[in-house]
Amino acid sequence: RPLLLDDPAAGLTDAYMADNSRCFVCHINYAQEEIAVTHAKQDIGCNHCHGESDEHIADESWASGGSGTSPDKIYTKDQVNPFCLGCHPADKLSEEPHKPVFADSNPQKHCTDCHGEHLLKERKTKWK
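Residues numbered from 1 in each chain as written. Predicted model: local features only at pLDDT ≥ 70, side-chain atom pairs only at ≥ 80, totals over all residues. Heavy atoms only, no water.

A. Fine view of the overall build of the protein. What the protein contains, in helices and strands, is seven helices and zero strands. Per-residue burial for the protein yields a buried fraction of 24% across its 128 residues. Contacts in the protein between residues at least 24 apart in sequence constitute 62% of all its contacts with a sequence separation of at least 6. Counting every atom, the protein has about 9300 Å² of accessible surface; 56% of that belongs to carbon and sulfur. (Helix = DSSP H or I, 4+ residues; strand = E, 2+ residues; numbered from the N terminus. Buried < 20%, exposed > 50% of the residue type's maximum accessible area, 1.4 Å probe, protein only. Contact = heavy atoms within 4.5 Å. Areas by Shrake-Rupley, 256 points an atom, 1.4 Å probe, with all protein chains shown as cover.)

Written as structure tokens, this is what we have:
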């Protein structure tokens, strides 16, 4: 069953839960997404990776067909692993499940291949 933010059995209601409510106004799909929930439980919110993104949050032009303002930080596939390894160093990861991430093979595996659906499948706007 999916994890819910207010599910006490999941331990998501403690005082250390990151507040992602500003993001969930538009991106409610991430309220139950694996990476977002796991990090939020450790008080690591969307802003830790994507910046405060105040202009992105305030920009509603996309709703009328305009080009929205991008978040402060957005990552290409090639930037995902180096960014994740900034907090999750390679020497702390177990050998077997993470071995493909560090292999010199193409196509390279990315952290988000196994850890959640943290990519918008359909983008309806182009950034300004």
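B. Seen up close, the pattern of salt bridges. Under the counting rule described, the total for this entry stands at two salt bridges. With its nearest N and O atoms 2.6 Å apart, the salt bridge here joins Asp 54 to Arg 22. A residue pair is termed long-range when its members are at least 10 positions apart, and Asp 54 in helix 4 (residues 54-58) and Arg 22 in helix 1 (residues 21-24) qualify at 32 residues. Overall, Arg 22 belongs to the partly exposed group, its relative accessible area being 41%. (Salt bridge = Lys/Arg side-chain N within 4 Å of Asp/Glu carboxyl O.)

C. Representation of the state of the cysteines. Counting across every chain of the model gives zero disulfides. Considering cysteine sulfurs only, Cys 111 is the nearest to Cys 84, which forms no disulfide, with 4.0 Å between them. For Cys 84, a relative accessible area of 23% corresponds to the partly exposed category. There is no disulfide at Cys 87, and the cysteine sulfur nearest it, in Cys 49, is 6.8 Å away. According to the relative accessible area criterion, Cys 87 is exposed, its value standing at 65%. (Disulfide = S-S within 2.5 Å.)

D. A look at the packing of aromatic side chains. Taken as a whole and assessed by the stated rule, the structure comprises one aromatic pair. The interplanar angle of 35 degrees and the centroid separation of 4.5 Å between the aromatic rings of Tyr 75 and Phe 83 together place this pair among those described as tilted. (Phe/Tyr/Trp six-rings, centres within 6.5 Å; stacked < 30°, edge-to-face > 60°.)

E. Here's a closer look at the environment of Trp 62. Counting through the fold element by element, Trp 62 comes out in the loop between helix 4 and helix 5 (77-84). The partly exposed category is assigned to Trp 62, whose relative accessible area is 45%. Measuring from C-alpha to C-alpha, the distance between Trp 62 and Trp 127 comes to 9.2 Å, with 65 residues separating the pair along the chain.

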